[in-house]
Amino acid sequence: MQVLYEDNHIIIVNKAPGEIVQGDKTGDRPLSEDVKAYIKEKYVKPGNVFLGVVHRLDRPVAGVVVFARTSKALSRLNAMFRTGDVHKTYWAIVAGEPPRPEDTLTHWLVRNERQNKSYAYDHEVPESKKAVLSYRLIARGDRYSLLEVRLMTGRHHQIRCQLSAIGCPIRGDLKYGARRSNADGSISLLARRVEFVHPVSRERVAVEAPLPADRLWRELAAAAGEGRP
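Because the structure is predicted, anything quoted here is derived from the model rather than measured.

## Regarding the pairing of strand E11 (residues 204–208)
At step 1: With burial as the criterion, only one face of E11 is covered, namely that bearing Val205 and Val207; the residues Arg204, Ala206 and Glu208 on the opposite face remain uncovered.
At step 2: Two strands pair when backbone bridges link them, and strand E10 (residues 189–197) and E11 are joined in this way by 5 bridges, in the antiparallel orientation. Within the sheet, the bridge partner assigned to Glu195 lies in E11 and is Ala206.

What follows is the structure in C-alpha coordinates.
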(Lines give C-alpha, C1' and ligand atoms only; values in the text may rest on other atoms or scores of the structure.)
Protein backbone atom coordinates (compact mmCIF):
# COMPACT_ATOMS: atom_id res chain seq x y z
CA MET A 1 0.00 0.00 0.00
CA GLN A 2 1.33 3.43 -0.97
CA VAL A 3 0.25 6.49 1.04
CA LEU A 4 0.08 9.62 -1.11
CA TYR A 5 -1.18 12.10 1.50
CA GLU A 6 -2.19 12.05 5.15
CA ASP A 7 -3.13 14.39 7.96
CA ASN A 8 -5.29 14.17 11.09
CA HIS A 9 -8.54 14.03 9.11
CA ILE A 10 -7.77 12.44 5.73
CA ILE A 11 -5.58 9.74 4.23
CA ILE A 12 -5.18 9.25 0.47
CA VAL A 13 -3.63 6.07 -0.91
CA ASN A 14 -2.75 4.55 -4.25
CA LYS A 15 -4.91 1.49 -4.93
CA ALA A 16 -3.35 -1.35 -6.90
CA PRO A 17 -5.43 -3.14 -9.55
CA GLY A 18 -7.10 -6.23 -8.11
CA GLU A 19 -7.66 -4.70 -4.68
CA ILE A 20 -11.14 -4.01 -3.37
CA VAL A 21 -11.70 -0.75 -1.51
CA GLN A 22 -14.29 -2.08 0.92
CA GLY A 23 -15.27 -5.59 2.02
CA ASP A 24 -17.65 -7.46 -0.30
CA LYS A 25 -19.11 -10.92 -0.84
CA THR A 26 -15.74 -12.29 -2.02
CA GLY A 27 -14.44 -12.13 1.55
CA ASP A 28 -11.09 -10.84 0.26
CA ARG A 29 -9.20 -8.46 2.52
CA PRO A 30 -10.08 -4.91 1.44
CA LEU A 31 -7.78 -1.91 1.10
CA SER A 32 -9.67 -0.20 3.95
CA GLU A 33 -8.38 -2.87 6.38
CA ASP A 34 -4.80 -2.33 5.19
CA VAL A 35 -5.18 1.40 5.77
CA LYS A 36 -6.57 0.81 9.27
CA ALA A 37 -3.63 -1.47 10.09
CA TYR A 38 -1.20 1.17 8.82
CA ILE A 39 -2.79 3.89 10.99
CA LYS A 40 -2.93 1.63 14.04
CA GLU A 41 0.76 0.77 13.75
CA LYS A 42 2.09 4.21 12.80
CA TYR A 43 0.19 6.13 15.46
CA VAL A 44 0.10 3.32 18.06
CA LYS A 45 -3.69 3.51 18.24
CA PRO A 46 -5.37 1.42 20.95
CA GLY A 47 -8.63 -0.34 20.10
CA ASN A 48 -10.46 0.01 16.82
CA VAL A 49 -9.30 2.55 14.23
CA PHE A 50 -11.95 4.81 12.65
CA LEU A 51 -11.81 4.93 8.85
CA GLY A 52 -14.58 6.22 6.61
CA VAL A 53 -14.97 5.05 3.00
CA VAL A 54 -16.19 7.99 0.91
CA HIS A 55 -15.85 6.56 -2.62
CA ARG A 56 -14.72 3.42 -4.41
CA LEU A 57 -12.87 2.28 -7.52
CA ASP A 58 -13.72 -0.84 -9.50
CA ARG A 59 -11.54 -3.80 -8.59
CA PRO A 60 -9.42 -3.83 -11.80
CA VAL A 61 -8.83 -0.05 -11.66
CA ALA A 62 -5.76 1.57 -10.05
CA GLY A 63 -5.19 4.99 -8.57
CA VAL A 64 -6.17 7.56 -5.97
CA VAL A 65 -8.58 6.63 -3.16
CA VAL A 66 -9.58 9.07 -0.41
CA PHE A 67 -10.49 7.88 3.10
CA ALA A 68 -11.69 9.90 6.11
CA ARG A 69 -9.90 9.51 9.45
CA THR A 70 -12.52 11.37 11.49
CA SER A 71 -16.32 11.45 11.53
CA LYS A 72 -16.22 15.21 10.85
CA ALA A 73 -14.16 14.69 7.69
CA LEU A 74 -16.37 11.74 6.64
CA SER A 75 -19.65 13.67 6.76
CA ARG A 76 -18.14 16.68 4.99
CA LEU A 77 -16.39 14.61 2.30
CA ASN A 78 -19.60 12.66 1.67
CA ALA A 79 -21.40 15.95 1.07
CA MET A 80 -18.57 17.21 -1.17
CA PHE A 81 -18.66 14.08 -3.32
CA ARG A 82 -22.45 14.42 -3.67
CA THR A 83 -22.23 18.07 -4.75
CA GLY A 84 -19.30 17.56 -7.12
CA ASP A 85 -16.82 19.55 -5.04
CA VAL A 86 -14.25 16.76 -5.26
CA HIS A 87 -12.66 16.88 -8.72
CA LYS A 88 -11.38 13.54 -10.01
CA THR A 89 -9.37 13.11 -13.19
CA TYR A 90 -8.94 9.70 -14.81
CA TRP A 91 -6.58 8.48 -17.49
CA ALA A 92 -7.67 5.69 -19.80
CA ILE A 93 -5.80 3.79 -22.50
CA VAL A 94 -8.38 2.90 -25.13
CA ALA A 95 -8.39 0.92 -28.36
CA GLY A 96 -8.21 3.04 -31.49
CA GLU A 97 -9.01 6.73 -31.41
CA PRO A 98 -12.21 8.52 -30.37
CA PRO A 99 -14.39 10.21 -33.03
CA ARG A 100 -13.41 13.67 -31.75
CA PRO A 101 -10.25 14.84 -29.95
CA GLU A 102 -12.42 16.10 -27.11
CA ASP A 103 -16.09 15.80 -26.34
CA THR A 104 -18.76 15.54 -23.68
CA LEU A 105 -20.62 12.23 -23.72
CA THR A 106 -24.19 11.85 -22.48
CA HIS A 107 -25.79 8.41 -22.20
CA TRP A 108 -28.48 6.74 -20.16
CA LEU A 109 -27.09 3.69 -18.38
CA VAL A 110 -29.02 0.62 -17.28
CA ARG A 111 -27.30 -1.58 -14.71
CA ASN A 112 -27.68 -5.34 -14.94
CA GLU A 113 -27.01 -6.61 -11.41
CA ARG A 114 -26.76 -10.25 -12.43
CA GLN A 115 -24.08 -9.56 -15.04
CA ASN A 116 -22.48 -6.76 -12.99
CA LYS A 117 -22.50 -4.68 -16.16
CA SER A 118 -24.05 -1.46 -17.43
CA TYR A 119 -25.54 -0.82 -20.86
CA ALA A 120 -25.52 2.59 -22.56
CA TYR A 121 -28.39 4.13 -24.51
CA ASP A 122 -28.44 7.45 -26.38
CA HIS A 123 -31.90 8.23 -25.03
CA GLU A 124 -33.76 7.73 -21.78
CA VAL A 125 -35.15 4.23 -21.26
CA PRO A 126 -36.92 2.58 -18.29
CA GLU A 127 -34.73 2.27 -15.17
CA SER A 128 -31.90 4.21 -16.78
CA LYS A 129 -29.72 6.86 -15.12
CA LYS A 130 -28.22 9.81 -16.97
CA ALA A 131 -24.43 9.62 -17.26
CA VAL A 132 -22.22 12.51 -18.37
CA LEU A 133 -18.45 12.70 -18.79
CA SER A 134 -15.98 14.77 -20.74
CA TYR A 135 -12.78 13.50 -22.32
CA ARG A 136 -9.85 14.82 -24.27
CA LEU A 137 -7.27 12.96 -26.31
CA ILE A 138 -3.83 13.61 -24.82
CA ALA A 139 -1.67 11.07 -26.71
CA ARG A 140 -1.99 8.53 -29.48
CA GLY A 141 0.03 5.45 -30.36
CA ASP A 142 -0.16 2.87 -33.13
CA ARG A 143 -3.14 0.96 -31.73
CA TYR A 144 -4.09 2.79 -28.56
CA SER A 145 -4.89 6.31 -27.40
CA LEU A 146 -4.55 7.96 -23.99
CA LEU A 147 -7.58 9.92 -22.85
CA GLU A 148 -8.05 12.23 -19.89
CA VAL A 149 -11.55 11.83 -18.48
CA ARG A 150 -13.62 13.89 -16.04
CA LEU A 151 -16.88 12.64 -14.60
CA MET A 152 -19.92 14.85 -14.16
CA THR A 153 -21.95 11.97 -12.72
CA GLY A 154 -20.98 8.84 -10.81
CA ARG A 155 -22.66 5.79 -12.34
CA HIS A 156 -21.83 2.08 -12.22
CA HIS A 157 -18.92 1.35 -14.60
CA GLN A 158 -19.59 4.73 -16.18
CA ILE A 159 -16.23 5.42 -17.86
CA ARG A 160 -15.87 1.83 -19.02
CA CYS A 161 -19.38 1.73 -20.46
CA GLN A 162 -19.45 5.15 -22.09
CA LEU A 163 -16.04 4.85 -23.78
CA SER A 164 -17.02 1.42 -25.09
CA ALA A 165 -20.23 2.95 -26.47
CA ILE A 166 -18.20 5.27 -28.75
CA GLY A 167 -16.06 2.39 -30.02
CA CYS A 168 -13.12 2.91 -27.66
CA PRO A 169 -13.11 0.10 -25.10
CA ILE A 170 -10.50 0.40 -22.36
CA ARG A 171 -7.44 -1.80 -22.89
CA GLY A 172 -7.85 -5.09 -21.01
CA ASP A 173 -11.56 -4.58 -20.28
CA LEU A 174 -13.03 -7.77 -21.71
CA LYS A 175 -16.43 -7.02 -20.15
CA TYR A 176 -16.78 -3.91 -22.31
CA GLY A 177 -15.32 -5.08 -25.59
CA ALA A 178 -11.53 -5.25 -25.29
CA ARG A 179 -10.04 -7.96 -27.49
CA ARG A 180 -7.64 -9.32 -24.90
CA SER A 181 -7.00 -9.08 -21.19
CA ASN A 182 -4.03 -7.42 -19.52
CA ALA A 183 -1.48 -9.84 -18.10
CA ASP A 184 -2.09 -8.74 -14.50
CA GLY A 185 -5.89 -8.79 -14.77
CA SER A 186 -6.11 -5.00 -14.61
CA ILE A 187 -7.85 -2.69 -17.02
CA SER A 188 -5.94 0.37 -18.27
CA LEU A 189 -7.96 2.90 -16.30
CA LEU A 190 -6.21 5.04 -13.68
CA ALA A 191 -7.73 7.39 -11.13
CA ARG A 192 -4.91 9.82 -11.85
CA ARG A 193 -5.67 12.89 -9.77
CA VAL A 194 -7.98 14.23 -7.05
CA GLU A 195 -8.42 17.89 -6.07
CA PHE A 196 -10.59 19.47 -3.39
CA VAL A 197 -10.67 22.03 -0.62
CA HIS A 198 -9.85 20.30 2.66
CA PRO A 199 -13.12 19.86 4.58
CA VAL A 200 -11.56 20.97 7.88
CA SER A 201 -8.48 23.15 7.23
CA ARG A 202 -9.97 24.68 4.01
CA GLU A 203 -6.59 24.36 2.29
CA ARG A 204 -6.40 23.10 -1.28
CA VAL A 205 -5.45 19.43 -1.62
CA ALA A 206 -4.23 18.03 -4.95
CA VAL A 207 -2.86 14.49 -5.13
CA GLU A 208 -1.68 12.51 -8.15
CA ALA A 209 -1.23 8.76 -8.50
CA PRO A 210 1.92 7.33 -10.08
CA LEU A 211 1.68 5.64 -13.46
CA PRO A 212 1.29 1.85 -13.50
CA ALA A 213 4.51 -0.08 -14.13
CA ASP A 214 3.66 -0.83 -17.74
CA ARG A 215 5.60 0.14 -20.85
CA LEU A 216 2.56 1.42 -22.78
CA TRP A 217 1.55 3.71 -19.91
CA ARG A 218 5.05 5.22 -19.86
CA GLU A 219 5.21 5.63 -23.65
CA LEU A 220 1.81 7.30 -23.96
CA ALA A 221 2.41 9.51 -20.91
CA ALA A 222 5.73 10.63 -22.43
CA ALA A 223 3.96 11.39 -25.71
CA ALA A 224 1.48 13.47 -23.73
CA GLY A 225 4.35 15.39 -22.14
CA GLU A 226 3.51 13.88 -18.76
CA GLY A 227 6.26 11.33 -18.37
CA ARG A 228 6.85 12.00 -14.70
CA PRO A 229 6.08 9.08 -12.37
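Text resumes after the structure shown.
## Some words on helix H4 (residues 215–223)
At step 1: Among all positions of H4, only Leu216, Trp217, Leu220 and Ala221 are buried. Viewed end-on, H4 has its buried residues packed into an arc of 125°, placing them on one side of the element. Exposed residues on H4 whose side chains face more than 90 degrees from its buried face are Arg215 and Ala223.
At step 2: Where H4 begins, the side chain of Asp214 points an oxygen toward the backbone nitrogen of Leu216, at a separation of 2.9 Å.
At step 3: Note on H4: the residue one or two positions beyond its end, Gly225, has a positive phi of about 80°.

## So, the environment of Tyr119
At step 1: Among the secondary structure elements, Tyr119 is positioned in strand E7 (residues 117–121).
At step 2: Assessed through its relative accessible area of 33%, Tyr119 is described here as partly exposed.
At step 3: Along the primary structure Tyr119 and Val197 are separated by 78 residues, whereas in three dimensions their C-alpha atoms are 34 Å apart.
At step 4: The contacts of Tyr119, once residues within four sequence positions are left out, are Trp108, Leu109, Val110, Asn112 and Cys161.

Thresholds, definitions, all that
- Residues numbered from 1 in each chain as written.
- Predicted model: local features only at pLDDT ≥ 70, side-chain atom pairs only at ≥ 80, totals over all residues.
- Heavy atoms only, no water.
- Buried < 20%, exposed > 50% of the residue type's maximum accessible area, 1.4 Å probe, protein only.
- Helix = DSSP H or I, 4+ residues; strand = E, 2+ residues; numbered from the N terminus.
- Pairing = 2+ DSSP bridges.
- Arc of directions from axis to C-beta.
- Polar contact = N/O pair within 3.5 Å; in protein donor to acceptor, adjacent residues only side chain to side chain.
- Contact = heavy atoms within 4.5 Å.

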